[in-house]
Amino acid sequence: MEQKIPYKIYLEESDIPRQWYNMRADMKNKPAPLLNPGTLQPLSAEELAPVFCEELVQQELDDTTPYIDIPEEILGFYKMYRPSPLMRAYRLEEALGTPAKIYYKFEGNNTSGSHKLNSAIAQAYYAKKQGLMGVTTETGAGQWGTALSMACAYFGLDCKVYMVKVSYEQKPFRREVMRTYGASVTPSPSDTTNVGQKILAEHPNTTGSLGCAISEAVEVATTNEGYRYVLGSVLSQVVLHQSVIGLETKAAFDKIGQKPDIIIGCAGGGSNLGGLIAPFMGQKLRDEADYRIVAVEPASCPSFTRGRYAYDFCDTGMICPLAKMYTLGSSFIPSPNHAGGLRFHGMSTILSQLYDDKLMEAVAVEQTSVFDAATQFARIEGILPAPESSHAIRVAIDEALKCKETGEDKTILFGLTGTGYFDMVAYEKYNDGVMDDYIPTDEDLAPGFAALPKV
Ligand SMILES: *Cc1c(COP(=O)(O)O)cnc(C)c1O
C-alpha cells in the first residue's frame, strides 16, 4: 500500500537551502536590462550605487551565476521561521470532491504575516554589512514595511517607511506594528521631502499613491549620508531571495517522492511566484522536467493578461530606472482593490520574459470570486488567507474542479503567501455584500499605454 502523505510535510532546519537559485542563469532569453531614464543606456553598477546597497546591485545585475550563497547571518534569521510547511490540503480536496491532489506552501507563519520577510532580512543584512545607518522604503497596505521593520530591528538599522497616506490613516494596525519594531512611519506625501512638498502644493488634499511614496523614499535615501533605498518586490534581487520558497518546496516534494503538475501563484510584482517556481522553472529551462505554471492577477490590475511588454517606469514619479516588463503604464491607477499587494502596474522583468517566451501562463480573476475562495478555504483549512494569496486559492480550486470533471488526479501546488488578519475591512465588505468588481475597459487602459516612454 502507498504510504500516506502527512498533512504537513516538514523539513528539518538543516534542510533550509544554503544558496539562493538565480533562474536568470538558465534563461536562454535573458530579461531585458534596466535602462537609465535619461540616457536610455543599460544602467551600470556605479549608477545604481547611490540608490541601492552595493551587494544588492551586484545581485540585481547578475544574469549568469546560478547559485548564490546565503550568508550565515541571514540563515540564522531564516531559522526563526523556516523551513515553512508544505501542506497537503486533504480537507479541501474532500470538500471539493476532486481526484486532484492539492498542496500549498504556507509563508504566513511569521509576525509580518507574509513571504516578504525572506527578502527584507537579506536586504537589511547587506545594508548592515556595508556599514549603512539605515534604509528607506515605501509601503502601501503595509506588508513590506512590516517585514522590513522586523528585519531592521534584528540588525539594528534605522528604518524610514513612507506609507501612502490613505493607508496610514485607514490601516493603523500595520503602522503600529512597524513602529513597535522601531521604524519611523511617515504618511506620504509629506513635507519632509522636496517631492512631497511639491505634490502637496499642487494637490493639498491628495491621499497619496505608491508612486509618490517611492519618490519620497528615494529622495531621502539619496540625500542622507548612510542611507539606501530598498524595495520589496519587482526587482530581480527580490525574486532571487524568494527562491528559498521554491527550493524548500522542491525538497519537500522530493522527500515524499511526488512532483506537482500545475504550480499556481498570485502575481503583484512577481516575487513570491518567481520564488516558488524558481527550481521548477530551472528544470523546465534545462529541459529536465515540465510543469504548467500559472500566474494569477486581479482583473482590476491585469498587467500580464492585458498589459504591453514594453519599457516603462516603475514609479509614477518617473525617477526610477526603466524596466522592460508587462505593464499597464506607470500612470495607470487601478480601481480600489483589497489585495493591495497586487495593485502594481508592472511585473518582474524575469517573469515578463518567461511569460513572453510562453514558459508560463496568466489568468485574471475577479475580487468577489477571490473572496468566495478565501472564505471557503478559511472554513475548510483553518487558515485565514491574505486577499493577495486568495487569488492563487481561487485558481487552485478552479483547477481542482476541472479535474473533478475530467477525472484526472493532477497534483496542484499553490503559494499561500500570507495571512489576512490585517485585511478585515476587505472581509467586512465581502461579508456585507458590498464588494465591487470593477474591470477596466479598453478606454480606461488606453491613457496608460499612450504615456509609455518611447524607447
Ligand atoms: C506583497 C504581497 C504579494 C504580492 O507581491 P509579489 O511580489 O507579487 O509576491 C502577495 N501576497 C502577499 C501576502 C503580499 O504581502
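Everything below is about the structure printed above this text.
Residues numbered from 1 in each chain as written. Predicted model: local features only at pLDDT ≥ 70, side-chain atom pairs only at ≥ 80, totals over all residues. Heavy atoms only, no water.

Draft legend 1. Seen up close, the side chain of threonine 136. With respect to the helices and strands, threonine 136 occurs in strand S6 (residues 134–139). The exposure class of threonine 136 is buried, given its relative accessible area of 0%. (Helix = DSSP H or I, 4+ residues; strand = E, 2+ residues; numbered from the N terminus. Buried < 20%, exposed > 50% of the residue type's maximum accessible area, 1.4 Å probe, protein only.)

Draft legend 2. Spatial organisation of the sheet that holds strand S9 (residues 227–229). If you walk across this open sheet you meet the four strands as S8-S7-S6-S9, and the pairing is parallel. Both edges of this open sheet fall to strand S8 (184–188) and S9, since each of them pairs with a single strand only. Taking each pair of neighbouring strands and ignoring which way they run, the sheet shows an average axis angle of 25°. Looking at chain direction, S6 and strand S7 (residues 158–164) are connected through six bridges and run parallel. Along S7, the bridge assignment pairs glycine 134 with aspartate 158. (Pairing = 2+ DSSP bridges. Axes fitted to C-alpha atoms, helices over the stretch in contact; angles between N-to-C directions.)

Draft legend 3. Up close: the pattern of salt bridges. One pass over the structure, following the stated rule, counts 22 salt bridges. One salt bridge in this structure joins arginine 292 and glutamate 399, with 3.1 Å as the shortest N-O distance. On the criterion of sequence distance, the pair formed by arginine 292 in strand S11 (residues 292–298) and glutamate 399 in helix H16 (residues 387–406) is long-range, its members being 107 residues apart. Exposure remark for glutamate 399: the relative accessible area of 7% places this residue in the buried category. Taking the shortest distance from any N to any O, the salt bridge between glutamate 408 and lysine 410 comes out at 3.6 Å. The exposure class assigned to glutamate 408 is partly exposed, which follows from its relative accessible area of 35%. For lysine 410, a relative accessible area of 26% translates into the label partly exposed. It is possible to trace a salt-bridge network through shared partners that takes in Arg82, Lys105, Glu107 and Glu248. (Salt bridge = Lys/Arg side-chain N within 4 Å of Asp/Glu carboxyl O.)

Draft legend 4. A look at the environment of alanine 201. Take alanine 201: it is sitting in helix H9 (residues 194–202). For alanine 201, a relative accessible area of 63% translates into the label exposed. C-alpha of alanine 201 to C-alpha of aspartate 191: the two residues are ten residues apart in sequence and 9.7 Å apart in space.

Draft legend 5. Just the pairing of strand S13 (residues 322–327), in detail. The buried fraction of S13 amounts to five of the six residues, a majority that puts the element mostly inside the structure. For strand S12 (residues 308–313) and S13, the ladder comprises six bridges, and the chain directions are antiparallel. In the sheet register, tyrosine 311 faces S13, and the bridge partner there is lysine 324.

Draft legend 6. Spotlight on helix H10 (residues 210–223). When the terminal C-alpha atoms of H10 are compared, their 20 Å separation across 14 residues agrees well with the 20 Å that a helix rising 1.5 Å per residue should span. Among the 14 residues in H10, eleven count as buried, and that is most of the element. Among the residues making up H10, those that are buried are Gly211, Cys212, Ala213, Ile214, Ser215, Glu216, Ala217, Val218, Glu219, Val220 and Ala221. Those residues of H10 that are buried are in contact with S6, S7, S8, H9 and S9. (Expected span 1.5 Å × (residues − 1). Contact = heavy atoms within 4.5 Å.)

Draft legend 7. Quick look at the packing of aromatic side chains. Overall, the coordinates contain 20 aromatic pairs when judged by the stated rule. Ring centres of tyrosine 21 and tyrosine 67 lie 5.3 Å apart, and the angle between their planes is 40°; on these two criteria the pair is classed as tilted. Taken as a pair, tyrosine 21 in strand S2 (residues 19–21) and tyrosine 67 in strand S3 (residues 67–69) lie far apart in primary sequence, 46 residues in all. Of the aromatic side chains, those joined through ring pairs into one cluster are Phe77, Tyr78, Tyr81, Tyr125, Tyr126, Tyr154 and Phe155. One Lys or Arg, arginine 175, reaches over the ring of tyrosine 168 and ends 4.6 Å from the middle of that ring. Note that lysine 324 overlies the ring of tyrosine 309, its terminal NZ or CZ placed 4.4 Å from the centroid. (Phe/Tyr/Trp six-rings, centres within 6.5 Å; stacked < 30°, edge-to-face > 60°. Lys NZ or Arg CZ within 6 Å of the ring centre and 35° of its normal.)

Draft legend 8. Quick look at the site of the ligand. If you check the shell around the ligand, you find 18 residues, and the closest are Lys116, Ser233, Gly268, Ser271 and Thr417. A distance of 2.6 Å separates an oxygen atom of the ligand from a polar side-chain atom of lysine 116. Within the contact set of the ligand, an oxygen atom lies 3.4 Å away from a side-chain nitrogen or oxygen of glutamine 143. Here the ligand, which alone exposes 390 Å², has 98% of that area covered by the protein. (Near = heavy atom within 4 Å. Polar contact = N/O pair within 3.5 Å; in protein donor to acceptor, adjacent residues only side chain to side chain. Areas by Shrake-Rupley, 256 points an atom, 1.4 Å probe, with all protein chains shown as cover.)

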